[in-house]
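Structural overview
Letter by letter, the chains look like this.
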Number of protein chains: 2
Amino acid sequence: MTSKGSLLVISGPAGTGKGTIVKLLLQDEDYVVSVSTTTRAPRADDIPGVTYNFVTTEEFMNMIKNEELAEFAEYVGNYYGTPVKTIKELLKSGKNVILEIETLGALQIKARFPEAILIWVSPPDYETLGERLRGRGTNTDEDIAKRLATAKRELQFLPYYDYIVINEKGRAEDAVNDIKRIVSINPMAIKQNSNFIQTFYKL
Amino acid sequence: MTSKGSLLVISGPAGTGKGTIVKLLLQDEDYVVSVSTTTRAPRADDIPGVTYNFVTTEEFMNMIKNEELAEFAEYVGNYYGTPVKTIKELLKSGKNVILEIETLGALQIKARFPEAILIWVSPPDYETLGERLRGRGTNTDEDIAKRLATAKRELQFLPYYDYIVINEKGRAEDAVNDIKRIVSINPMAIKQNSNFIQTFYKL
């Protein structure tokens, strides 16, 4: 069966603790994140090649034209994308590659990498979602309304996801274990084994 | 999330040890098999309602007409089928329901129960498949040729399966553990959570 790593897409409403989950996954050396490419200007705390790969808008457009990006999106005037090459190299090294991206990017990944596991991280109930969207007390009413509208829009993408993982308050380790269990059975998924099946059943 | 049991379809080439795997699964009280309905005459060792439910051909035809059967097949002049009602009741009781059926039946189940988990039990390699198809020394050349042809035909159904589980010689317990791990993450599958998602994200 396959010995390649799994490609893991992690999405979910704002404030659901995706960042914490990714940080915890990265404590396991079998997990890596793919470094994104962006056109935004580097900040003081950026480390090129580590936090981001920095390119010009022209270079970014060329990457799109040459189909070098597995997914890309625009955010407040800057472009962000994930190179296909980076993902492929990391997977080949046997690592499980994490992409923390939103729904539209997730769909692009599924199109390019049908074997990707799409995981939706969700709060346990509606009330908690509301609380988390209202955030750390720093969000304005307009912010909250915007985040609710986004959550509602993103719901339509859920049927394209493979799993829903509940992140209870203060139980991020449970969500991380759920994700690791999902990844551990992934080598048995039919869509991971087309080569095995083809070479095997050469009856 | 869901508290219902999972519906488990187990298929695979002849002689792969599916029967042993099912027997081992049944040692766990969370697993049950659904009793089939058949038109064949009861044998001395049959217990009606336990080994099979026995019906007349007319009753069987009525069950088909009334869409009471989740799947059915003909085998040497007799009919065999699985009632939808039996499956639903067992699932509601929280049990994981096992159906050991061939590919055509598996597809019928997937149509009626899209949330079913279709598992293909496979020998580890082609040579082992050949050995197992040749069987316990009791199979004629004609038998073996027939079984090879069946295995080849069934291969076309593999893309409709969800998982492939390898059954190594003398390692049926490993295959059973693999299946239990698959079942344990099933409540997180998106297709198991449409109700949760609908009631939850009523934004």
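1. Examining the overall build of chain A
A tally of regular secondary structure across chain A gives eight helices and nine strands. For 203 residues, the compact-globule estimate of 2.2 N^0.38 gives 17 Å, and the C-alpha radius of gyration of chain A, at 18 Å, lies within 12% of that figure. Oriented by its inertia axes, the alpha-carbon framework of chain A measures out at about 65 × 45 × 30 Å. Taken over 203 residues, chain A has a buried fraction of 33%. For chain A, restricting intrachain contacts to residue pairs at least 6 apart in sequence, the fraction spanning at least 24 positions comes to 69%.

2. Structural notes on the interface of chain A and chain B
Counting residues at the interface gives 28 residues for chain A, matched by 28 residues for chain B. Mapped by element, the contributors of at least two residues to the side of chain A that touches chain B are α6 (141-155), β9 (163-166), α7 (172-185) and α8 (194-200) of chain A. Top element by residues in the side of chain A that touches chain B is α7(A). It accounts for five residues. Residues belonging to the side of chain A that touches chain B are distributed by class as follows: 20 nonpolar, two polar and six charged.

3. With respect to the pairing of strand β5 (residues 69-75) of chain A
Residues and elements named next belong to chain A. Where β5 lies against strand β6 (residues 78-83), six bridges are found, and the strand directions are antiparallel. Following the sheet pairing, Ala73 is matched in β6 by Tyr80. Remark: two residues form the turn of the hairpin made by β5 and β6, two consecutive strands paired antiparallel; Val76 in that turn has positive phi of roughly 35 degrees.

4. A word on the confidence of the model for chain A
Predicted coordinates in areas of low pLDDT are best not read in detail. Summarising the model, chain A shows a mean pLDDT of 89, and 95% of its residues fall at 70 or more. Interface confidence for the predicted complex, given as ipTM, is 0.76, next to a pTM of 0.80.

5. Comments concerning the relation of the copies chain A and chain B
Superposing chain A onto chain B takes a rotation of 180 degrees combined with a translation of 0.0 Å along the rotation axis, leaving an RMSD of 0.1 Å. Expressed as an axis order, the relation between the two copies is that of a two-fold axis. Comparing interface residues between copies, 96% of those in chain A also sit at the interface in chain B, which points to an isologous, same-surface contact.

6. Looking at the sheet that holds strand β4 (residues 53-54) of chain A
Residue and element names in this part refer to chain A. Reading across from one edge, β4-β3-β6-β5 is the order of the four strands in this open sheet, with mixed pairing throughout. Looking at which strands have only one partner, the edges of the open sheet turn out to be β4 and β5. Each of β3 (37-38), β5 and β6 is contacted by helix α2 (residues 57-65), which is oriented at about 45 degrees to β6, the strand it contacts most.

7. So, the pairing of strand β6 (residues 78-83) of chain B
Both strand β3 (residues 37-38) of chain B and β6(B) contribute to a ladder of two bridges, which runs antiparallel. The partner of B:Thr38 across the bridge, within β6(B), is B:Tyr80.

8. Observations concerning the environment of B:Glu102
All names here are of chain B. Mapped onto the fold, Glu102 is located in the loop between β7 (96-100) and α4 (103-112). Judged by C-beta crowding, with 17 C-beta atoms within 10 Å, Glu102 ranks as partly exposed. The sequence separation of Glu102 and Glu131 amounts to 29 residues, and the corresponding C-alpha distance is 20 Å.

9. Here's the deal with the packing of helix α5 (residues 126-134) of chain B against helix α6 (residues 141-154) of chain B
All names here are of chain B. Packing of α5 against α6 brings their axes to within 9 Å, and their N-to-C directions diverge by 135 degrees. Relative to α6, the element α5 is oriented oblique. In terms of crossing hand, the pair formed by α5 and α6 is right-handed. Taken together, the residues of α6 that come into contact with α5 (itself represented by Leu129, Leu133 and Arg134) are Ile144, Arg147, Leu148 and Ala151. Of the residues assigned to the contact of α5 with α6, the class counts are five nonpolar, no polar and two charged.

The rules behind the values
Here the residue numbers are simple positions, counted from 1 along each chain's written sequence. For this description, chains carry letters from A and ligands carry numbers from 1, given in the order in which they are written. Note on the predicted model: pLDDT of at least 70 is required for a residue's local features to be given, and 80 or more for side-chain atom pairs to be given and counted; whole-chain, interface and lining totals, by contrast, use all residues. Counting from the N terminus, the helices are DSSP H or I runs at least four residues long and the strands are E runs at least two residues long. Each radius of gyration reported is based on C-alpha atoms, and the globular scaling rule is 2.2 Å times the count of residues to the power 0.38. Partly exposed residues are those whose C-beta has more than 12 but fewer than 20 other C-beta atoms within 10 Å; 20 or more makes a residue buried and 12 or fewer makes it exposed, with C-beta atoms placed from the backbone. A pair of residues counts as a contact when their C-beta atoms, built from backbone coordinates, are within 7 Å of each other. When residues are grouped by polarity, Ala, Val, Leu, Ile, Met, Phe, Trp, Tyr, Cys and Pro land in nonpolar, Asp, Glu, Lys and Arg in charged, and all others, Gly among them, in polar. One requirement defines pairing of two strands: DSSP has to find at least two bridges between them. Every residue carries a pLDDT, the predictor's confidence in it, which falls somewhere between 0 and 100. Here the copies were fitted onto each other by least squares, based on C-alpha atoms from residues at pLDDT of at least 70 in both. Between the N-to-C directions of two axes lies an angle of 0 to 180 degrees, each axis being a line fitted to C-alpha atoms and, for a helix, fitted only over the stretch in contact. Angles are sorted into four bins: roughly parallel if under 35 degrees, roughly antiparallel if over 145, roughly perpendicular if 65 to 115, and oblique for all others. Throughout, a crossing is termed right-handed when the near helix is turned clockwise from the far one, and left-handed when it is turned anticlockwise from it by less than a right angle.

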